[in-house]
Amino acid sequence: MSAETINTEKVKAAIEAAVRGCRVEILPNGSPSGQHSLILDNEHAVEAALFLRDNPELRLDYCSDVAGVDWLDKEVTEKVKVWKLVDGAEKEVEETRKSVTPGYLEAVYHLFSMEKKHGPVVLRLRTQDRGEGARVPSLTPVWRSAEFQEREAFDLYGIVFEGHPDLRRILMWDELKDHPMRKDYVAPPDEDEPAGAVAQEGGR
Amino acid sequence: MSAVEERIVELTGDVDSGQLLEVSMGPHHPSTHGVFRMNVELEGERVMKLKPVFGYLHRNHEKIAENGSYLAAMPFTDRLDYMCSMTNNWAYALSVEKLAGIAVPERAEYVRVIVAELTRLQNHVSLIGFLMQDMGASGTPLMYAFREREKILDLFEQLSGTRMMCNYMRFGGVRVDPTPEWLAEAEALVGRFPAFLDEFEQLLRENEILMSRTQGVGVLPRELAVNAGVTGPMLRASGVNYDIRKVDAYGIYDRFQFRVPLGEHGDVYDRYMIRMLEMRESVKILEQALREIPEGPAMDPKARLRGLRPKAGEAYGRIESPKGELGFFLISNGTPEPYRYRVRPPSMINLTVLEDMCLGRSVADIVVTLGSVDIILGEVDR
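Because the structure is predicted, anything quoted here is derived from the model rather than measured.

A. Structural context of the pairing of strand β6 (residues 313–321) of chain B. Residues and elements named next belong to chain B. Buried residues dominate β6, accounting for nine of its nine residues. Burial along β6 is two-sided: Gly313, Ala315, Gly317, Ile319 and Ser321 facing one way and Glu314, Tyr316, Arg318 and Glu320 facing the other are all buried. Between β6 and strand β7 (residues 324–332), which pair antiparallel one after the other, the connecting turn spans two residues.

Next up, the structure:
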């Protein structure tokens, strides 16, 4: 139905062969759309992107969509059986352990080829953490279409794109400190409403 | 050039040396098509720098959609590009269908094509009207365009209950099955449309003012258009053969015969002409679709609308909206709300090259160039 889809495995192999030291990971997609994505390491992302754009077989000359995604810290609870001394005798006791997988921000690029008419190839770049100044390399020097969209991800998610020529807020005002598309963002109460009115309603 | 003239040039150069005039065009400029601003730096009449400023209409559409169910976002998509709610609906429905693997019945596919092509007709015709208005042709072409647009909106009203905010499509079909009378009326409208196009074209095509104001103005080179992700009529005016109706053949577009008009110069005149020609192709598609539309259900009876919970995964679906590639990127984590809901707004991304097209031109050309981009601020700002 859609344009010719590209084998993700092949693209991964091609990148790894062309860009030395680039780590590429395939993220399988469980939905019927079957659009699997490639996670690039930040160090080699620009080089890999240039390869994808200029390689005569792939020619992914068109970067359609850039989306920011916020992944919160995940708390994983698992039950583990441990041998412990209870009342002097060793017994098997069940314990719950909690571990936290740190969250991160993600920039997702959808690439197509206008020349070869195929796509999409989905690229993902991930930040180290969700802190202020979490960064990924900018792909605007490779595809100009990312210019406004990366600015938007910077504005609404707080992802800093290193190497972006003009990284400013685009939709919100400059003085704003927050990033409203983040999952843990809490909107400030309306100035006209008495304090607590929002909380009482229990609304979002 | 005589010595006197040379000296005049020199003198003016001295007075203004290195001084740029900053002008803020908008946000309430009649030619900005909404609340949109351009920070322009001028040397005399020449544009040296231009930065678009937008976001005045921002309501965080994506966040609102992420806080509700999949179905709840459908009426909100109407408000993106409020001239073309039908195509917005389709793009969103298509993405959800991809995400959840929902099939669409034959008849619904045909109805979708019919309403989408009608949307394209009314979008292009009003855009040309606005463009003429921007050039100072006050009233006449715009009123001609709006007269035709109104007829199409009447059809939408009969079908969906609303002229502009149609909220018509659903995952797995369309909300209301069109009656035979409606289809007959649509057929009659499509039959009359070429005569209007002839009239409209005769009025404008060789108009001297139109030609002198648009030919060679706002030129967008082919390579830049591709690299900057420009889509829709603007891309094709620059000579790139890329129409998602052909490339993806989403829905049932592979069943219809139509051509993709291409421009040569990438200037404003070509962009105007491409839209004119695209309307003729839309009429062809409409004739075929209205002739071949089969009987049957307009909605998959098994499709779940309320409480739709796609299994975890993601999908990017896109269509050729009248403004360009309109895409929706959805991530599901198995809950009834989309974890991530992203709109790829064609008119915002087409603005990326506005500065490149205007540099070195005069202020009056900015107005015409912006008019030919075809922006709707509801979609740019979201």
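Don't stop here, the text continues.
B. Geometry of the domain arrangement of chain B. All names here are of chain B. What the domain assignment reports for chain B is domain 1 (3–53) and domain 2 (61–381). For domain 1 and domain 2, the distance between their C-alpha centres works out to 34 Å. Among the elements that take part in the side of domain 1 that touches domain 2, strand β3 (residues 46–53) stands out by supplying five residues, more than any other. For the side of domain 1 that touches domain 2, the per-class residue count stands at nine nonpolar, four polar and three charged.

C. Representation of the interface of chain A and chain B in the model. Every contact between the two is made by 32 residues of chain A and, on the other side, 38 residues of chain B. Contributions of two or more residues to the side of chain A that touches chain B are made by β3 (62–71) and α3 (146–157) of chain A. It is β3 of chain A that provides the largest number of residues to the side of chain A that touches chain B, a total of six residues. Partitioning the side of chain A that touches chain B into residue classes produces 16 nonpolar, 10 polar and six charged.

D. Quick peek at unusual backbone geometry. For Ala249 of chain B, which is not glycine, the phi dihedral falls at a positive 45°. Given 15 C-beta atoms within a 10 Å radius, Ala249 of chain B is considered partly exposed.

E. Main features of the nonpolar core. Core analysis: the largest hydrophobic core is formed by 153 residues, its most contacted members being Leu111 of chain A together with Ile114 and Ile366 of chain B. Per-element accounting of this core gives the leading share, 14 residues, to helix α5 (residues 106–134) of chain B. Both of domain 1 (3–53) and domain 2 (61–381) of chain B provide at least three residues apiece to this core. Those residues within four positions of Ile114 of chain B in sequence are excluded, and the remaining contacts are Ala186, Leu286, Ala289 and Leu290 of chain B.

Conventions and cut-offs
- Residues numbered from 1 in each chain as written.
- Chains lettered and ligands numbered in written order.
- Predicted model: local features only at pLDDT ≥ 70, side-chain atom pairs only at ≥ 80, totals over all residues.
- Buried ≥ 20, exposed ≤ 12 C-beta atoms within 10 Å, placed from the backbone.
- Helix = DSSP H or I, 4+ residues; strand = E, 2+ residues; numbered from the N terminus.
- Pairing = 2+ DSSP bridges.
- Domains from an automatic or database assignment.
- Nonpolar A, V, L, I, M, F, W, Y, C, P; charged D, E, K, R; others polar.
- Contact = placed C-beta atoms within 7 Å.
- Core = buried A, V, L, I, M, F, W, Y, C linked by C-beta atoms within 7 Å.

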